[in-house]
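Chain by chain, the residues:
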Amino acid sequence: MTHARKPTKPNHQPHQAHNPSFSTTGMKLIVPLQGVVQGRGGLLLGTLVPCALFYFLQLYLKRRRSNSSPPSPSSEPTLPRTSSRSNLSTRGSISRVRLSKLATQISRPDHSLYYVGLERVSRDPYHVLHNPNGIIQLGLSDNTLCFDLIGEWVARNLEGTMGGGVDLGINGIAPYQTFDGVMELKMALSDFMHQVMGESVKFDPYNMVLTAGATPAIEILSFCLADHGNAFLVPTPYYPGFDRDVRWRPGVDLIPVHCRSTDNFNLNITALDQAFSQARKRGVKIRGILISNPSNPVGNILTQDMLYSLLDFAEDKNIHIIVDEVFAGSTYGREKFVSLAEVLLDSDIDKSRFHIVYGLSKDLSLAGFRVGVICSFNESVLAAAKKLTRFSTISAPTQRLVTSMLSDKRFIRDYLEINRTRIRQLHAVFVDCLSKLGIKCAKSSAGMFCWADMSGLIRPYSEKGEIELWEKFLSIAKINITPGSACHCIEPGWFRICFTTITLEEAPLVIERIRRVVESCNSSS
């Protein structure tokens, strides 16, 4: 083995060429250690030292190879491993993932009895055949009285139009549409509103923005007219859905303006002015007034004089007015409905602060179609609303179908006449039957509900007594109605009963169920 120390001898060159991976640097480190490996340094140097040096040699070669050769394209990167996987599996060591303040707030259970009642019905809905002992829905202002007319029109017209008609052909419904509604529907809706509102006013299609129902129309106007933390004045009692429409995403507050039964819950300008002044003293910025006309839930109609007074009030306070007129065509009384647009045409007042909301859910029984409209004279509001409708666009098939329906002048004329007749008949029967049970209703001229006074049935005379009576209607009578507290009514014992969700033939069943509650209250008192 002594000749191994002589690298100049030619007989060792072939050995080196035979092992190409055995580098010259490696030879320089290993050859001097041969004496140690042969045992000349004793047990310690002959075993431990060679192992240690061999380990460092391998580490050196590995680092050199990694620095000199590029990474393979096919090699996958490795992720650093955590020092302890037990930290990930330990319960309670990781906090709950956070949500936004908005999501946290609106995900909480809704305590409004209006929505609680709707949810109770959904768990046990009445059906004449499948669930005759279920809860009858009288808490939703849904008009089912003319579903037969709508169904007949669709059966006559939908199949032929879908096959090759221009309106509902594939070229008319598949491509993107304008977010704020196609002009054909705006024009058809303008004609319909003109007919519904007594042909006293004509709406300009260029002042209209279409939305997926009246709900987003109100929300969009809230975004346009007020900032987060501002407020609208709202006469009470008012539709419970306003609280969600205005407060949830726009963050606009609602300040109730309490109206009383002694005035049949009609709006009073003095009460409006007092509410405005008190809000200003608290540092709240009032940006507008939100009104439903015809009123929901009372069913009364704003007079022309009151509308003029509202125009003056809004101009004096430099605020906006939003009028929800979705029940304009569902009238049955002697009072004539007057649209805000009609009053504006006869006035020289600045029209940029007035906005009208309308939809087809009530007057045309198309709640599921989700067709709403904003009518405004404010160019900036219209421009902003058109952009915001990106998030509430009506589907293209719906727009084309509704355009075709509204363009059928004969059908629309017959429908409006029959719809008013059926509402009038059922309202008369329902109010008369309630009167015989000792329940009086507020005077009304429009809408799909009656505002019933049941204060004589509540014990004690308070909101608590009202809620207990509401529970009796759900448990004993198995019907859902809306308590006045959900509508922010200041007087306990008033309830909204939506009678257009049932047929004339079902009215006796509902009255009989109400009778059970009345008798139960009278016997306990």
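Provided above is the structure to which this section pertains.
Predicted model only: the values in this text are computed from it and were never measured.

Quick notes on the rules
Residues numbered from 1 in each chain as written. Predicted model: local features only at pLDDT ≥ 70, side-chain atom pairs only at ≥ 80, totals over all residues. Heavy atoms only, no water. Buried < 20%, exposed > 50% of the residue type's maximum accessible area, 1.4 Å probe, protein only. Helix = DSSP H or I, 4+ residues; strand = E, 2+ residues; numbered from the N terminus. Pairing = 2+ DSSP bridges. Polar contact = N/O pair within 3.5 Å; in protein donor to acceptor, adjacent residues only side chain to side chain. Contact = heavy atoms within 4.5 Å. Core = buried A, V, L, I, M, F, W, Y, C linked by side-chain atoms within 4.5 Å. Domains from an automatic or database assignment. Patch = residues over 30% accessible without salt bridge, like charges linked within 9 Å, V, L, I, M, F, W, Y side chains within 5 Å. Areas by Shrake-Rupley, 256 points an atom, 1.4 Å probe, with all protein chains shown as cover. Salt bridge = Lys/Arg side-chain N within 4 Å of Asp/Glu carboxyl O. Axes fitted to C-alpha atoms, helices over the stretch in contact; angles between N-to-C directions. Parallel < 35°, antiparallel > 145°, perpendicular 65-115°, else oblique. Left-handed = near helix turned anticlockwise from the far one by under 90°. Nonpolar A, V, L, I, M, F, W, Y, C, P; charged D, E, K, R; others polar. Phe/Tyr/Trp six-rings, centres within 6.5 Å; stacked < 30°, edge-to-face > 60°. Expected span 1.5 Å × (residues − 1).

Peer 1: What exactly am I supposed to notice about the pairing of strand β8 (residues 372–376) here?
Peer 2: Residues in a regular strand project their side chains so that they alternate between the two faces of the sheet. Among the five residues of β8, five are classified as buried, and the element is accordingly described as predominantly covered. In terms of strand pairing, strand β2 (residues 208–211) meets β8 through four bridges, oriented antiparallel. What sits directly across from T211, in β8, is G372. Of the strand pairs in this sheet, strand β7 (residues 354–359) and β8 are connected by five bridges, and their pairing is antiparallel. For Y358, the partnering residue across the bridge sits in β8 and is V373.

Peer 1: Mind showing me how you'd approach the side chain of S376 here?
Peer 2: Tracing the backbone through its elements, the reader meets S376 in strand β8. The class of S376 is buried, set by a relative accessible area of 1%. Engagement of the side chain of S376 in a polar contact is seen with the side chain of H355, the distance being 2.9 Å. Ignoring sequence-local partners within four residues, the contact set of S376 consists of N207, F354, H355, V381 and L382.

Peer 1: Sorry if this is basic, but what is going on with the environment of T331 here?
Peer 2: As for its placement among the helices and strands, T331 is situated in the loop between β6 (320–324) and α15 (340–345). Separated by 93 residues in the primary sequence, T331 and R424 place their C-alpha atoms 7.9 Å from one another. Ignoring sequence-local partners within four residues, the contact set of T331 consists of I301, F337, R420, S445 and A446.

Peer 1: Just to check I follow, could you spell out the nonpolar core for this structure?
Peer 2: Across soluble globular proteins, nonpolar side chains have a tendency to be buried as a group. One finds F192, L310, L360 and L406 to be the most contacted residues of the largest nonpolar core, which totals 76 residues. Summarising the domain contributions, this core has at least three residues from each of domain 1 (105–145 + 413–524) and domain 2 (172–408). Ignoring anything within four residues of it in the chain, the contact list for L310 reads L267, I269, L272, I289, I291, L302 and I321. Counting 36 residues, the second-largest nonpolar core is a separate cluster that includes L138, F430, L434 and F495.

Peer 1: Could you clarify how one ought to interpret the pairing of strand β10 (residues 449–453) in this entry?
Peer 2: Of all five residues in β10, four are buried; the element is thus mostly enclosed. Of the strand pairs in this sheet, β10 and strand β13 (residues 494–498) are connected by five bridges, and their pairing is antiparallel. Following the sheet pairing, C450 is matched in β13 by I497.

Peer 1: I keep staring at a nonpolar patch on the surface and nothing clicks. Help me out?
Peer 2: Where nonpolar side chains cluster on the molecular surface, the patch consists of L102, I106 and W248 and spans about 240 Å² of accessible area. You can see W248 is positioned in the loop between α12 (241–247) and β4 (253–258).

Peer 1: I tried to follow the packing of helix α13 (residues 269–281) against helix α14 (residues 304–317) on my own but got confused; where do I start?
Peer 2: Geometry of a packed helix pair, given as the angle between the helix axes and the separation of the axes. Packing of α13 against α14 leaves a shortest axis separation of 11 Å and a crossing angle of 20 degrees. In this view, α13 runs roughly parallel relative to α14, as classed from their interaxial angle. Classified by chirality, the crossing of α14 by α13 is right-handed. The segment α13 lies against α14, with I269, L272, D273 and F276 engaging M306, S309, L310, F313 and K317. Of the residues that constitute the contact of α13 with α14, the class distribution is six nonpolar, one polar and two charged.

Peer 1: Could you clarify how one ought to interpret the sheet that holds β8 in this entry?
Peer 2: Within a sheet, neighbouring strands are paired by backbone hydrogen bonds and run either parallel or antiparallel to one another. Here we have seven strands laid out as an open sheet, ordered β2-β8-β7-β6-β5-β3-β4, and mixed in their pairing. The open sheet has two free edges, formed respectively by β2 and β4, since each of these has just one partner strand. Between one strand and the next, the sheet's axes are offset by a mean angle of 25 degrees, whatever the strand orientation. Of the pairings in the sheet, the one linking strand β3 (residues 231–236) to strand β5 (residues 286–292) comprises three bridges and is parallel in character. Note that in β5 the partner of L233 across the bridge is I289. Packed on one face of the sheet, helix α11 (residues 214–225) meets β2, β3, β5, β6, β7 and β8 and runs near 160 degrees to β7. Running over the sheet, helix α16 (residues 379–388) touches β2, β7 and β8 and is turned about 25 degrees from β2.

Peer 1: Sorry, what's going on with unusual backbone geometry here?
Peer 2: Outside of glycine, negative phi angles account for most residues, and trans bonds account for most peptide bonds. Here T236 and P237 are connected by a cis peptide whose omega angle stands at -5 degrees. A cis geometry characterises the amide bond from R459 onward to P460, with omega recorded as 0 degrees. Looking at where P460 falls in the secondary structure, it is placed in the loop between β10 and α19 (463–477). One non-glycine residue, F265, lies in the positive phi region at around 60 degrees. Along the chain, F265 falls in the loop between β4 and α13.

Peer 1: I would appreciate a short explanation of the packing of helix α10 (residues 183–196) against helix α18 (residues 409–436) in the present structure.
Peer 2: The geometry of α10 relative to α18 is characterised by a closest axis approach of 11 Å and an angle of 40 degrees between their N-to-C directions. Considering how the two elements wind past one another, α10 and α18 form a crossing that is right-handed. Judged by residue contacts, D191, F192, Q195 and V196 of α10 engage K409, I412, R413, L416 and R420 from α18. Residues that form the contact of α10 with α18 fall into these classes: four nonpolar, one polar and four charged.

Peer 1: Before we go on, may I ask you to explain the packing of aromatic side chains in this structure?
Peer 2: Think of a pair of aromatic rings as described by two things: how far the centres are apart, and how the planes are tilted against each other in angle. Under the criterion given, the structure shown has 13 aromatic pairs. Note on F265 and W494: the rings are 5.1 Å apart at their centroids and 85 degrees apart in plane angle, and the pair reads as edge-to-face. Taken together, the residues span a long stretch of sequence, with F265 in the loop between β4 and α13 and W494 in strand β13 at a distance of 229 residues. Neither F265 nor W494 differs from the other in exposure class; each is buried. Where F276 meets F313, the ring centres are 6.2 Å apart and the plane angle is 85 degrees; that geometry is what we call edge-to-face. Taken as a pair, F276 in helix α13 and F313 in helix α14 lie far apart in primary sequence, 37 residues in all. Pair check on accessibility: F276 and F313 agree, each one buried.

Peer 1: Quick question: what am I supposed to make of α19 here?
Peer 2: Residue pairs spaced three or four apart in an α-helix point in one direction, given the helix's 3.6 residues per turn. The first and last C-alpha atoms of α19 sit 20 Å apart over 15 residues, in line with the 21 Å expected at 1.5 Å per residue. Among the residues of α19, those classed as buried are G465, E466, L469, W470, F473, L474 and A477. On its buried face, α19 is in contact with α7 (113–123), β11 (479–480), β12 (482–483), β13 and α20 (507–524).

Peer 1: How should I be thinking about the sheet that holds β13 in this particular structure?
Peer 2: Read across the sheet, four strands follow the order β9-β10-β13-β12 without closing on themselves; strand pairing throughout is antiparallel. Where the open sheet ends on each side, the last strands, each with one partner, are β9 (440–441) and β12. Here two bridges tie β12 to β13, and the two strands are oriented antiparallel to one another. Bridged to T482 within β13 is R496. Along the sheet face, α19 touches β12 and β13 and points at about 30 degrees away from the line of β13.

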